[in-house]
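# Topology and contacts: notes
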Amino acid sequence: MLIAAAKLTLRAPWVRSLKEKRMIVQSLIARVSQKFHVSAAEVEQQDVHQTIVVGVAAVVGSAVLDKILRFVEETCEAELTGVEREIR
């Protein structure tokens, strides 16, 4: 059994309020959680309007993390600027 975790950092330069950011974050977390059956949450930078940091964790292999990254890049308006992975 493998436990995979990733921290995704995204940049949304057009966001002007925390309310607008919250809508993007909630949508992204819901879609990723539902499609891949993983846990996801905003983990850092909650008070920064244009930076989104989402943590994803699951009991899966690294192939699923690759699929999640591709999904985020293809469906999210924000630009993926950083990824940290850990598999144990």
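Anything mentioned here points back to the structure above.
Scope of this entry: the structure provided in the associated data block. (Residues numbered from 1 in each chain as written. Predicted model: local features only at pLDDT ≥ 70, side-chain atom pairs only at ≥ 80, totals over all residues. Heavy atoms only, no water.)

## Quick notes on the overall build of the protein
- When its secondary structure is counted, the protein shows 2 helices and 4 strands.
- Starting at the N terminus and ending at the C terminus, the protein contains elements arranged as β-α-β-β-α-β.
- For a compact globule of 88 residues, the expected C-alpha radius of gyration is about 12 Å, and the protein comes in at 12 Å, within 12% of that figure.
- Counting only C-alpha atoms and orienting by the principal axes, one finds that the protein spans roughly 40 × 20 × 15 Å.
- Counting across all 88 residues of the protein, residues that qualify as buried make up 35%.
- As displayed, the protein has an accessible area near 5400 Å², and 51% of this comes from carbon and sulfur atoms. (Helix = DSSP H or I, 4+ residues; strand = E, 2+ residues; numbered from the N terminus. Rg over C-alpha atoms; globule rule 2.2 N^0.38 Å. Buried < 20%, exposed > 50% of the residue type's maximum accessible area, 1.4 Å probe, protein only. Areas by Shrake-Rupley, 256 points an atom, 1.4 Å probe, with all protein chains shown as cover.)

## Details of the environment of K21
- Within the fold, K21 resides in helix α1 (residues 18–36).
- C-alpha separation for the pair K21 and H49, spaced 28 residues apart in sequence, amounts to 6.2 Å.

## Quick word on the pattern of salt bridges
- Under the defined criterion, the tally for this structure stands at 5 salt bridges.
- The closest approach of N and O atoms between K7 and E84, which form a salt bridge, is 3.5 Å. Of this pair, K7 sits in strand β1 (residues 4–11) while E84 sits in strand β4 (residues 79–87); the two residues are 77 residues apart in sequence, bridging distant segments of the chain.
- One salt bridge connects K21 with E42, and the closest N-O pair in it is separated by 3.0 Å. Of this pair, K21 sits in helix α1 while E42 is found in strand β2 (residues 39–44), placing the two residues 21 residues apart along the sequence.
- With relative accessibility at 23%, the residue E42 sits in the partly exposed group.
- In this structure, a network of salt bridges that share partners links the residues K7, E44 and E84. (Salt bridge = Lys/Arg side-chain N within 4 Å of Asp/Glu carboxyl O.)

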